[in-house]
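Residues per chain, in single letters:
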Amino acid sequence: ALTSMANGAVTGGTLVLNANGLSVFRQAAAAALNISTPTDAQVQTYANAQYQGFTQSIQTYGNTQYQANAAQAQTYANTQYQALAQTIRDYIRNQNCPFGCGNQNNPTDAQIAQRADEALSASEYTAFQALLS
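What you see is a predicted model; the values in this text were computed from it and never measured.

### Section: the environment of Thr55
So, point 1. Relative to the assigned elements, Thr55 resides in helix α2 (residues 40–96).
So, point 2. Separated by 16 residues in sequence, Thr55 and Thr39 place their C-alpha atoms 24 Å apart.

What follows is the structure in structure tokens.
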């Protein structure tokens, strides 16, 4: 009911009540302000304060959820990238030194990117490219 169009509108981030909204929120404002008959301005201020509080809570919650999901997505993407890059490294090492060269053959990131299409299946290569962009 706080932002119902029947009660008013949000203009420039501020809840502006119409006559119906003032009537709807008058009793709540009276109780909150501990007065029997609040003025229209007091009702308006009360309702807008409630709106601002709810807005801030929702924004804080949304940002917290976004940050958690972004971190989780980044971890997942990094894990996927590392697994695919290791497949490509192994492919390059086997191509350059089929009988094993120890740690002497460590492909660079540029070599990994350049040889990815040879080492990966089509779907893996598509996923690898998506992780690079």
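Text resumes after the structure shown.
### Some details on the side chain of Arg115
So, point 1. By the secondary structure assignment, Arg115 is in helix α3 (residues 109–119).
So, point 2. Reaching out from Arg115, the side chain makes a polar contact with the side chain of Glu118 at a distance of 3.0 Å.
So, point 3. Once residues within four sequence positions are removed from consideration, Arg115 is found in contact with Ile88, Tyr91, Ile92, Gln95 and Asn96.

### Quick word on the nonpolar core
So, point 1. If you look at the biggest cluster of nonpolar residues, it comprises 10 residues: Tyr81, Leu84, Ala85, Ile88, Ile92, Ile112, Ala116, Ala119, Leu120 and Phe128.
So, point 2. When contributions to this core are tallied by element, the ones reaching two or more residues are α2 and α3.
So, point 3. Tallying contributions element by element places α2 first for this core, with five residues.
So, point 4. Residues in contact with Ala116, not counting those within four places in the same chain, are Ile88, Tyr125 and Phe128.
So, point 5. In this structure, Leu15, Leu17, Phe25 and Ala47 belong to the second largest nonpolar core, which totals nine residues.

Parameters at a glance
- Residues numbered from 1 in each chain as written.
- Predicted model: local features only at pLDDT ≥ 70, side-chain atom pairs only at ≥ 80, totals over all residues.
- Heavy atoms only, no water.
- Helix = DSSP H or I, 4+ residues; strand = E, 2+ residues; numbered from the N terminus.
- Polar contact = N/O pair within 3.5 Å; in protein donor to acceptor, adjacent residues only side chain to side chain.
- Contact = heavy atoms within 4.5 Å.
- Core = buried A, V, L, I, M, F, W, Y, C linked by side-chain atoms within 4.5 Å.
- Buried < 20%, exposed > 50% of the residue type's maximum accessible area, 1.4 Å probe, protein only.

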